[in-house]
Amino acid sequence: MLIPLFLQFLFDLMVCSNQNESESVMDFILQCPAPIYAAAKLSKHYRNESTREKERARDLLAVGDVCENIASELLSLACADNAEKLLTAMDDRDVPFLDYLIECEQKSCVSHPSVQVYLGDVWRGDFKWDDWKYFLLFTLSMICPLLWAFLCLPWNDRYHKIPIIKFICHLISHFYLIALFSFTVVVPWEELTGTSLLPRWYEWLLLVWLSGLLLSQLTDPHDRAGLGWIPVIVLFLSTIGIVLHLAAFGFQGDHRIDIIYARNQFFAISMMLCFAQLLDFLSFHHLFGPWGVIIRDLMYDLVRFLVILLIFMAGFTAHLAAVFRPMKPSGSGDGPQENKGDFFTCFELLFFSLFGLTEVENLDRVPNRKATYTLAKATFGIYNLITIVVLINLLIAMMSDTYQRIQMQSDLEWKFGRAKLIRNMKRSTTTPSPLNLVTKFLSYLKLMYKLKFKCCRPGIIDIIRTDEQLPDNTAMNPLYQTSNSWLPNGSLPAHRDSTQRSIRIEEVMDWKAIVKKFQALRANTNDVCSVTHSSRDKMISPRASNLNLRGRDESTMLPGRPSTAMGSTMSLHRVVTATVKKIDVVSTIKDMSDV
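Participant: Before we go on, may I ask you to explain the overall build of the chain in this structure?
Facilitator: Secondary structure summary: the chain contains 24 helices and 0 strands in total. For the chain, with 595 residues in total, the buried portion stands at 42%. Summarising the internal contacts of the chain: among those between residues at least 6 apart in sequence, 73% fall at separations of at least 24. As displayed, the chain has an accessible area near 33,300 Å², and 64% of this comes from carbon and sulfur atoms.

Here is the structure:
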């Protein structure tokens, strides 16, 4: 009973905000102990609700944008002195605030200059090199696998903890995987004779690489948005290829060669997807990052277009197949004796006609039947009129709109994608494939030795994950357990106060002072707007201007308007605090009910 009432309260808050220029939701946010955290939570909640309630989607998205703008303005005031102090503060789930901003997709907050400067420090760590030095390191590691392995392995130094070094190592591992796919299916060293099915050296290496990739997907947190599903698809297709290779042992001759050929096709699709995944690695670059976002969204438009296109193609293919359907053969042999226009042949003709590869003469598939040929040409003409003139131009318009929309905010999209990449590299606890097979085995063996090989004890999974994320010298440090995800160097530097890492977000700032600054800035902006409006009203009609100003004064003196000061009653403060804490709980329950 409490959940519907709570959702109704948030819905009423949205309705009131739309009626009074978002003042209701602003007053609610400013009453919270951590206003910026409440604004991010409300923005996420309203945007999630917009996907469920299509009738109110526009209003819900508008309120969500208002909450995000409030969070961005509060972030500008809070990060004026020390951005790291706020971004590493913990919320009520013991998650760093920067992680929560990325989780809620608060793009305007994440793309804030102060946040980006801090992310740049986290990305480079202690290395203050120029770009050409990183490129030289990448080239040398690519040429020399021993140097790459040295950078990947978790030595006592902090180099392998720096996100940019992790990124270089994972990118080189991905290039090695593409090279092994190429050796297997593109330029094989031996022909497919079917005489021996024992894997070659490069096939053994490919199997080891795929095993390390599987272990990484199982043990390391990954972002599944956008191109995040490509490694899972690559593993699935590669598994089918490996199964086909094993199944080929039960066949001989040409059947064995055909099965190995089918295996190579699955590996070829996996290799193509690995090339496409390079767009995900390029998201850190300011030139290629926006293009990756544009291509991803254009693919969404293409998928929606293909659904509509398939509906029309299926209908016209069935119609064309009915036109070419053979009549009952006569004894003299005058009638057609075979079907030269079956469903799949007609689908092929219509599909390649989209690219101009089908001529009208290809429709003359039934000899001595001019009526059939005429009807087929009429059907083909109507199909081209609908698909090429209407649907193709609709696709071009959709893609143009998507390109212009993303190009206008390409900087924001790139900065948000860069933040997600840095977070993923920082959260990654495994070495690149296939070296993670060795490091994981040694770490689990070391952990089992610490636990005296009691593998069935409760909470073993949590213990394993915690031990993977913490270095040996801080494994028992309670301050390090909840605060190491966004330190620039992956460890606690000596010149910084480590006790500040576990501060709650409600206590990390003097939010009362920040709210007062926020209200003062809002008041100055409103005064400027009111002066502009009054000047315009005086130019139109002095009497109407006086009436409007008197109406505004009377509206501000109404006793029912809620106060925006932090000195409100404690009962209202407790209600607001409890409401903000319940937002995540209600959202989780609704997601479970939808499933």
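Participant: Where do I start with the packing of aromatic side chains in this structure?
Facilitator: Each aromatic ring pair is specified by the distance between its two centres and by the angle formed by the two planes. Here the structure, examined in full by the defined rule, presents 17 aromatic pairs. Aromatic pair F183 and W201: ring centres 6.2 Å apart, planes at 55 degrees, arrangement tilted. Residue F183 is found in helix α11 (residues 163-186), and its partner W201 is found in helix α12 (residues 201-219); the two are separated by 18 residues along the sequence. By relative accessible area, W201 is classed as partly exposed at 42%. Counting every residue linked through ring pairs, the aromatic cluster contains W123, F167 and F281.

Participant: Even after reading the chapter, I still don't get helix α17 (residues 370-408), so can you show me in this structure?
Facilitator: Three or four residues apart is the spacing at which side chains of an α-helix point the same way, because the helix has 3.6 residues per turn. In this model α17 runs 55 Å from its N-terminal to its C-terminal C-alpha over 39 residues, within 8% of the 57 Å that 1.5 Å per residue would give. Along α17, the positions that sit buried rather than exposed are T372, A376, T379, F380, Y383, N384, T387, L391, L395, T402 and I406.

Participant: Mind showing me how you'd approach a nonpolar patch on the surface here?
Facilitator: Nonpolar side chains collect at one region of the surface, where V208, L437, V438, F441, L442 and L445 lie side by side and expose about 530 Å² of accessible area between them. It is helix α19 (residues 435-450) that provides the largest number of residues to the nonpolar patch, a total of 5 residues. Tracing the backbone shows V438 in helix α19.

Participant: Sorry, what's going on with the pattern of salt bridges here?
Facilitator: When their charged atoms lie close together, side chains carrying opposite charge are able to pair. For the structure shown, the criterion picks out 14 salt bridges. In this structure, R124 engages D131 in a salt bridge whose closest nitrogen and oxygen atoms are separated by 3.3 Å. Judged by its relative accessible area of 26%, R124 is partly exposed. The salt bridge involving R304 is made with D301; its shortest N-O contact spans 2.3 Å. Of the two residues, R304 and D301 are both situated in helix α15 (residues 288-323); the distance of 3 residues between them amounts to about one turn of the helix. A single network of salt bridges, built from pairs that share partners, joins K44, D91, R93 and E103.

Participant: Explain the nonpolar core here, please?
Facilitator: Most often, soluble globular proteins have nonpolar side chains that are buried together. One finds I36, Y46, L86, W148, F181, I505 and W511 to be the most contacted residues of the largest nonpolar core, which totals 92 residues. Among the elements that make up this core, the one with the highest residue count is α11 (13 residues). Residue contacts for W511: discarding those within four places in its chain leaves P33, A34, P35, I36, A78, L86, I505 and E506. In this structure, F305, F324, L350 and L395 belong to the second largest nonpolar core, which totals 18 residues.

Participant: What am I meant to see in the state of the cysteines here?
Facilitator: Chemically, a disulfide is nothing more than a covalent bond linking the sulfur atoms of two cysteines. Counted according to the given criterion, the structure contains 0 disulfides. C152 carries a free sulfur, and the closest cysteine sulfur to it, the one in C169, is 3.5 Å from it. Residue C152 is classed as buried on the basis of its relative accessible area of 4%.

Participant: Just checking my understanding: could you explain unusual backbone geometry for this structure?
Facilitator: Residues apart from glycine generally show negative phi values, whereas peptide bonds are mostly found in trans. Following S433, the chain continues into P434 via a peptide bond in cis, with omega recorded as 0 degrees. Position of P434 among the secondary structure elements: in the loop between α18 (410-427) and α19. The residue E105 is not glycine, and still its phi comes out positive at about 55 degrees. In this structure, E105 sits in the loop between α6 (97-103) and α7 (107-110).

Participant: Before we go on, may I ask you to explain the packing of helix α2 (residues 23-30) against helix α3 (residues 35-52) in this structure?
Facilitator: Two numbers describe how α2 lies on α3: the axes approach to 8 Å, and their chain directions differ by 135 degrees. The angle between α2 and α3 falls in the class oblique. Listed contacts from α3 to V25, F28, I29 and L30 of α2 are P35, A39 and L42.

Participant: What should I look at first to understand the environment of L86 in this one?
Facilitator: Structurally, L86 is set in helix α5 (residues 83-87). Of the residues examined, L86 reaches a relative accessible area of 0% and is grouped as buried. The sequence separation of L86 and L98 amounts to 12 residues, and the corresponding C-alpha distance is 8.3 Å. Apart from residues lying up to four places away in sequence, L86 is in contact with I36, L75, A78, C79, F97, I505, V508, M509 and W511.

About the thresholds
- Residues numbered from 1 in each chain as written.
- Predicted model: local features only at pLDDT ≥ 70, side-chain atom pairs only at ≥ 80, totals over all residues.
- Heavy atoms only, no water.
- Helix = DSSP H or I, 4+ residues; strand = E, 2+ residues; numbered from the N terminus.
- Buried < 20%, exposed > 50% of the residue type's maximum accessible area, 1.4 Å probe, protein only.
- Contact = heavy atoms within 4.5 Å.
- Areas by Shrake-Rupley, 256 points an atom, 1.4 Å probe, with all protein chains shown as cover.
- Phe/Tyr/Trp six-rings, centres within 6.5 Å; stacked < 30°, edge-to-face > 60°.
- Expected span 1.5 Å × (residues − 1).
- Patch = residues over 30% accessible without salt bridge, like charges linked within 9 Å, V, L, I, M, F, W, Y side chains within 5 Å.
- Salt bridge = Lys/Arg side-chain N within 4 Å of Asp/Glu carboxyl O.
- Core = buried A, V, L, I, M, F, W, Y, C linked by side-chain atoms within 4.5 Å.
- Disulfide = S-S within 2.5 Å.
- Axes fitted to C-alpha atoms, helices over the stretch in contact; angles between N-to-C directions.
- Parallel < 35°, antiparallel > 145°, perpendicular 65-115°, else oblique.

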